[in-house]
Amino acid sequence: MGKLDLDIVIIVIIGANILMSLKGFNDFSFFEKFKFNIGGVRRGEQVRMLTSGFLHVDMMHLFFNMLTLYFFAPVVLGFLGNVKFLILYFGSLLMGNLFSLYFHKDEYHYSAVGASGAVSGVIYAGILFRPDMSLYLMFIPIPIPAYIFGIGYLLYSIFGMKNSVGNIGHDAHFGGAVGGYFITLIMAPWLFQENFLMIILLAVPIIILFVMQRLGKL
């Protein structure tokens, strides 16, 4: 696969996010029509499950999601190729919104937007493929191993779901990461031989969430 192919996939996704988000910034009715909203989805407007992933609250929200995607997407594309990458991206996006739908099913006014679910799936896929990667985060001057970041990210998302921390869709982040985890393993089963320990470690937060949900702690 050539570099041009990689660039096209990334550019098309980022371009679609930018165009839809800019339209949403300047057109309130457009934003309201296509954002994720429990009431809307339960009325049969399932298209929101997809379109909400291309809308953002503001420029900063858009910028950070697209910057993260730009850095992680080439790693995942290099292993999966274009078609499987798109399956991963949209599968993670939908899984993130399914988590939001499940955890907020009785909150008819609950709304959310953003590519965070899809980006979380790409992050988790990147960690599965390259657990030796190091990440550099703002305010932290030392590199963080990718798998430490992944586990911490999901544990923080569980904490956020339990305590409603900030105006952030933690359940969509978590759902997207879970989607990315399982879709990647289905499409790249050789990882069970190559990175089995990492697969187990990254499953720990998923198991914790399942147990907490069963115990009614969420």
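Residues numbered from 1 in each chain as written. Predicted model: local features only at pLDDT ≥ 70, side-chain atom pairs only at ≥ 80, totals over all residues. Heavy atoms only, no water.

Another aspect to go through is the pattern of salt bridges. Applying the stated criterion across every chain, the model contains 6 salt bridges. In this structure, K23 and D27 form a salt bridge, with 3.2 Å as the shortest nitrogen-oxygen distance. Looking at K23, the relative accessible area reads 42%, which means it is partly exposed. In this structure, D132 engages R130 in a salt bridge whose closest nitrogen and oxygen atoms are separated by 3.0 Å. A single network of salt bridges, built from pairs that share partners, joins R43, E45 and R48. (Salt bridge = Lys/Arg side-chain N within 4 Å of Asp/Glu carboxyl O. Buried < 20%, exposed > 50% of the residue type's maximum accessible area, 1.4 Å probe, protein only.)

Let us now look at the packing of aromatic side chains. Geometry of an aromatic ring pair is reported as the spacing of the ring centres plus the angle between the planes. This structure, assessed with the given rule, holds 15 aromatic pairs. Between F63 and F64, the ring centres sit 5.5 Å apart and the planes meet at 70°, which makes this aromatic pair edge-to-face. Plain terms: the ring middles of F79 and F129 are 4.5 Å apart, the flat faces sit at 5° to each other, and that makes the pair stacked. Residue F79 is located in helix α5 (residues 59–80), and its partner F129 is located in helix α7 (residues 116–129); the two are separated by 50 residues in the primary sequence. Overall, the relative accessible area of 39% leaves F79 in the partly exposed class. By relative accessible area, which is 5% here, F129 ends up buried. Ring pairing ties together the aromatic residues F54, F85, Y89 and F90, which thus form one cluster. (Phe/Tyr/Trp six-rings, centres within 6.5 Å; stacked < 30°, edge-to-face > 60°. Helix = DSSP H or I, 4+ residues; strand = E, 2+ residues; numbered from the N terminus.)

Attention now goes to the nonpolar core. Of all hydrophobic cores here, the largest spans 54 residues; its most connected members are L69, F85, Y89, F174 and Y181. Contributions of two or more residues to this core are made by α1 (3–26), α5, α6 (82–103), α7, α8 (146–163), α9 (170–187) and α11 (196–214). Apart from residues lying up to four places away in sequence, Y181 is in contact with Y124, L128, I199, L202, A203 and I206. (Core = buried A, V, L, I, M, F, W, Y, C linked by side-chain atoms within 4.5 Å. Contact = heavy atoms within 4.5 Å.)

A word on the environment of V47. The topology assignment puts V47 in the loop between α3 (38–42) and α4 (48–51). By relative accessible area, V47 is classed as partly exposed at 46%. Taking C-alpha positions, V47 is 19 Å from D106, a pair spaced 59 residues apart along the chain.

We now examine a nonpolar patch on the surface. Among the surface-exposed residues, M60, F63, F64, L67, Y70 and F71 lie close enough to one another that they form a single nonpolar patch of about 620 Å² accessible area. Relative to the assigned elements, M60 resides in helix α5. (Patch = residues over 30% accessible without salt bridge, like charges linked within 9 Å, V, L, I, M, F, W, Y side chains within 5 Å. Areas by Shrake-Rupley, 256 points an atom, 1.4 Å probe, with all protein chains shown as cover.)

Take the confidence of the model for the protein chain next. Counting all residues, the mean pLDDT for the protein chain is 88, and 93% of those residues have values of 70 or more. Taken together, the stretch residues 1–5 has pLDDT below 50 and engages in 5 contacts with residues farther than four places along the chain or on a different chain. (pLDDT = per-residue confidence, 0-100.)

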